[in-house]
Amino acid sequence: MAKTNEELMNKLSGTPVNKAPKTIAGQVSDYLEKMKGQLAHALPKHITPDRMARVALTEIRTNPKLLECSIESLMASVMKASQEGLEFGTGDAYLVPFWNNKIKRLECQYIRGYRGTLKLIRRSQEIGTIGAFPVYSLDNFELELGSSPSVMHKPSLQ
């Protein structure tokens, strides 16, 4: 038998009385849902707010430490990636938890990856070509700066 009016109303409406509290991932998902309008204004046309929210939530769920970060820092990091039009999980951008000694808690930081930097440079159309390649210790690599800068990289075949 229902003990309070609220329990009686919940029983009549079919709503469970002892509803489990939302998980942190659920709260983050709710915040991302609320932010979709702002994301739509920040994102370039090739990324939808639904896609960005889904990609961000996937990234957050794959790193449990991110769920310990403040929701504000998570949302700010997602917004920064949105403004640059970069996605998580592709090497373009990363969500990284860092300890903030001032407030004594983890905060999320947005970090652009080298692939994201290359995408932004290509998008600017101010540079003809650009590339990024690893240089190993046995490679022959020469960098010359000055009025006629040049780069020479011959990978070692050993």
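Bear in mind the structure is a predicted one, so any value in this text is a computation, not a measurement.

## Focus on the pattern of salt bridges
Counted by the stated rule, this structure contains six salt bridges. With a shortest N-O distance of 2.8 Å, Arg 51 and Glu 87 are connected by a salt bridge. Taken together, the residues Arg 51 in helix 3 (residues 49-62) and Glu 87 in the loop between helix 4 (71-84) and strand 1 (93-100) connect sequence positions 36 residues apart. When its relative accessible area of 34% is taken as the criterion, Arg 51 is described as partly exposed. Owing to a relative accessible area of 11%, Glu 87 belongs among the buried residues under this scheme. A salt bridge links Glu 68 to Lys 65, with the shortest nitrogen-to-oxygen separation between them at 3.7 Å.

## Observations regarding the side chain of Ser 73
Topologically, Ser 73 is positioned in helix 4. Residue classification places Ser 73 among the buried positions, given a relative accessible area of 9%. If we skip the residues at most four places from it in the chain, Ser 73 touches Glu 107 and Cys 108.

## A closer look at unusual backbone geometry
The phi torsion at Lys 104 lies on the positive side, around 55 degrees, for a residue other than glycine. Mapping Lys 104 onto the fold places it in the loop between strand 1 and strand 2 (105-112). The exposed category is assigned to Lys 104, whose relative accessible area is 54%. Located in the positive-phi region is Gln 125, a residue other than glycine, with phi close to 60 degrees. Taking relative accessible area as the criterion, Gln 125 reaches 71% and is therefore assigned exposed.

Reading the values: rules and limits
Residues numbered from 1 in each chain as written. Predicted model: local features only at pLDDT ≥ 70, side-chain atom pairs only at ≥ 80, totals over all residues. Heavy atoms only, no water. Salt bridge = Lys/Arg side-chain N within 4 Å of Asp/Glu carboxyl O. Helix = DSSP H or I, 4+ residues; strand = E, 2+ residues; numbered from the N terminus. Buried < 20%, exposed > 50% of the residue type's maximum accessible area, 1.4 Å probe, protein only. Contact = heavy atoms within 4.5 Å.

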